[in-house]
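# Overview (structure and organization)
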Amino acid sequence: MTNSKRRKGLTVASALLGGVLVLSACSGGDDNASGSDGGDSSQSKVDEAAAKKTSAAQIKITPKDGTDNASINNSAAVTVSKGTLTEVAMTTAEGAAVEGEISADKTSWKPSAQLERSTTYKVTVTAKDAKGLEAHENASFTTVSPKNSFLGYFTPEDGSTVGVGMPVSINFDKSITNKAAVQKGVTVTSTSGQEVVCHWFNDTRMDCRPDEYWKGGSTVTLKMALDGVEGADGVYGVQEKTVTFKIGRNQISYVDAKTKQMKVTQDGKTIKTIPISAGSPENKTYQGIMVMSEKFKETRMNGATVGFTDDDGKGEYDIKNVPHAIRLSTSGTFIHGNYWGAKSIFGSVNTSHGCVGLSDTEGANDKGTAGYWFYNNSIVGDVVVVQNTGDKTIAPDNGLNGWNMDWAQWKAGSAV
């Protein structure tokens, strides 16, 4: 009896315990299920309240946060949809502010100037939606480094007026291995309608010119769309630039070392003949087509800088205040005024170390001299054709002298 009652008691306890366990397990499920209406309702109200407090404005910052190879040109920007910008702040990592401007419709912003290379920038943005609720966004990015980017240094300058022989010459600060991609990013056009082709002299220099000299009075436009162009493995362009320059009158001067005369022509007509003294038999002047690349009212000419350093000193020279000097080659060929030679040498004997000399006066202010006249009637880009010197033709890449290649040779140097 006692055992029976005890067993019943244990059974009841066990049942109760089991019931508690079952009820506990089911209770959890029932809370989630049967209480879901009340729970979802509460959550819905919370979500609705949060939505009322969350701005609909959607901000986008480019480059995206964390970018470490961003372009310095036309890459940074902020835009907003479903709202308007109220504040945009851009600074360097050191805190220097970058000026910028929000658009008239207040939906975009961009910096006012080109960014710097190898610089980390931070951008903080605030915008509002139609209900006045604010949205915030920020980002940080780093621009491309000099090591991983290239620049093209070009001539002539924007807005300049040059002679008919002036090519567009671009010297890159890194070796370009993907020449075709870079060349496709460079276009040169003329109002004359002349076809223009670019020629690679080496991995860092590309010149562009037409078949014949530019048409006088035309305008030439150079467009460099190199931003993001991979010029070599891991090395990208950063330039977006448009340059225009004008072509002046057609002036070509012909130097004859045999007759020791220079004939200056404009549009094919001779406007002046000037006696000259070219390179001596020991130091002949290069022959060929040469383009004026620089002008100096006065300069110093030191033979040691171009290799005239023989032991007996006969080949050395160091002349200060050389008047009216116009560069024709990188290696040191000039056409310039000469005040130290006797007036009788001009038109009668070749005495120079390879330059073309014109009668002149020290000080570069004597308007009655041939040197003064020629300097003041010449512009960078004018052509000088040197003949009958007995020397070799100047190398096409020695200065801006690509005209010494025929059109077929020139086009063969194009990468596209």
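Data block above holds the structure.
Throughout this description, residue numbers start from 1 for each chain and increase along the sequence as written. Per-residue local features of the predicted model are confined to residues with pLDDT of at least 70, and side-chain atom pairs are confined, for both listing and counting, to 80 or more; whole-chain, interface and lining totals are unaffected and use all residues. In computing side-chain values, all of the structure's heavy atoms are included and hydrogens and water are not.

This paragraph deals with the environment of histidine 136. Segments assigned H or I by DSSP are reported as helices when at least four residues long, segments assigned E as strands when at least two residues long, and all are numbered from the N terminus. With respect to the element layout, histidine 136 can be found in strand β7 (residues 134-142). For histidine 136 and alanine 57, which are 79 residues apart along the polypeptide, the C-alpha to C-alpha distance reads 9.0 Å. Apart from the residues lying within four places of it in its own chain, the contact partners of histidine 136 are Ile59, Val125 and Thr126. Distance and chemistry together define a polar contact, namely a pair of N or O atoms within 3.5 Å, with one atom able to donate a hydrogen and the other to accept it when in protein, and with adjacent residues in sequence counting only for side-chain atoms on both sides. Of note is the side chain of histidine 136, whose polar atom sits 3.3 Å from the side chain of threonine 126. At a separation of 3.4 Å, a polar atom in the side chain of histidine 136 contacts the side chain of glutamate 134. Between two residues, a contact is recorded if the distance between any of their heavy atoms is within 4.5 Å.

The subject of this paragraph is unusual backbone geometry. The linkage connecting threonine 62 with the following residue, proline 63, adopts the cis geometry, with an omega of -5 degrees. One can find proline 63 in the loop between β1 (58-62) and β2 (77-81). A cis amide bond, omega 5 degrees, links threonine 155 with the succeeding residue proline 156. Along the chain, the position of proline 156 falls in the loop between β9 (152-155) and β10 (161-162). Of note in this structure, lysine 82 is not a glycine but carries a positive phi near 60 degrees. Within the fold, lysine 82 resides in the loop between β2 and β3 (84-92). For asparagine 388, which is not a glycine, the phi torsion comes out positive at approximately 60 degrees. Topologically, asparagine 388 is positioned in the loop between β27 (383-387) and α5 (407-412).

Here the focus is the nonpolar core. Put simply, a nonpolar core is a bunch of buried Ala, Val, Leu, Ile, Met, Phe, Trp, Tyr and Cys residues held in one set by side-chain atoms that sit within 4.5 Å of each other. Exposure is judged per residue with a 1.4 Å probe applied to protein chains only, and the accessible area is read against the type maximum: over 50% gives exposed, under 20% gives buried, and values in between give partly exposed. Ranked by internal contacts, the top residues of the largest apolar core, which has 34 residues, are Ile170, Phe172, Val182, Val188, Met206, Leu222 and Leu226. Elements with a minimum of two residues in this core: β11 (168-172), β12 (186-190), β13 (196-200), β14 (205-210), β15 (219-225), β18 (240-247) and β27. Once residues within four sequence positions are removed from consideration, leucine 226 is found in contact with Phe150, Phe172, Val182, Gly185, Val186, Gly237, Val238, Gln239 and Glu240. Ranked by size, the runner-up nonpolar core spans 24 residues in total, among them Val88, Leu115, Tyr121 and Val238.

So, on to the state of the cysteines. Only a pair of cysteine sulfur atoms within 2.5 Å qualifies as a disulfide here. For the structure on display, the rule yields 1 disulfide. Paired by a disulfide, cysteine 198 and cysteine 208 hold their sulfur atoms 2.1 Å apart. An S-S torsion of about 100 degrees defines the bridge between cysteine 198 and cysteine 208 as right-handed. Residue cysteine 198 is located in strand β13, and its partner cysteine 208 is located in strand β14; the two are separated by 10 residues in the primary sequence.

The strand order β9-β11-β14-β13 describes an open sheet built from 4 strands, whose pairing is antiparallel. Each edge of the sheet is formed by a strand with only one pairing partner; in this case those strands are β9 and β13. Going across the sheet, the axis of each strand differs from the next one's by a mean of 20 degrees, ignoring polarity. Only strands that DSSP links by at least two bridges are regarded as paired with each other. Pairing of β11 with β14, which is carried by 4 bridges, proceeds in the antiparallel orientation. Looking at β14, one finds that isoleucine 170 is bridged to methionine 206. Geometry is summarised by axes, namely lines fitted to C-alpha atoms with helices restricted to the contacting stretch, and by angles between N-to-C directions that run from 0 to 180 degrees.

Below, the discussion takes up the packing of aromatic side chains. What describes a pair of aromatic rings is the distance from one ring centre to the other and the angle between the planes of the rings. Here a pair means two rings of Phe, Tyr or Trp (six-membered ring of Trp) with centres within 6.5 Å. Their orientation is stacked below 30 degrees between planes, edge-to-face above 60, and tilted elsewhere. In total, this model carries 7 aromatic pairs according to the counting rule given. When the ring of tyrosine 213 is compared with that of tryptophan 403, the centres are 4.8 Å apart and the planes differ by 70 degrees; the resulting orientation is edge-to-face. Taken together, the positions of tyrosine 213 in the loop between β14 and β15 and tryptophan 403 in the loop between β27 and α5 put the pair 190 residues apart, joining distant regions of the chain. Their ring planes at 45 degrees and their centres at 6.5 Å tell us that phenylalanine 296 and phenylalanine 334 sit as a pair that is tilted. Residue phenylalanine 296 is found in strand β23 (residues 294-302), and its partner phenylalanine 334 is found in strand β25 (residues 334-338); the two are separated by 38 residues along the sequence. Relative accessible area serves as the criterion here: at 27%, phenylalanine 296 is assigned to the partly exposed category. Taken together, the ring pairs in this structure connect Phe150, Phe172 and Trp200 into an aromatic cluster. Charge-over-ring contacts are defined here by two conditions on Lys NZ or Arg CZ: a distance within 6 Å of the ring centre and an angle within 35 degrees of the ring normal. Note that lysine 263 overlies the ring of tyrosine 254, its terminal NZ or CZ placed 5.7 Å from the centroid. For the cation-ring pair, lysine 295 lies above tyrosine 375, with the distance from its terminal atom to the ring centre recorded as 4.3 Å.

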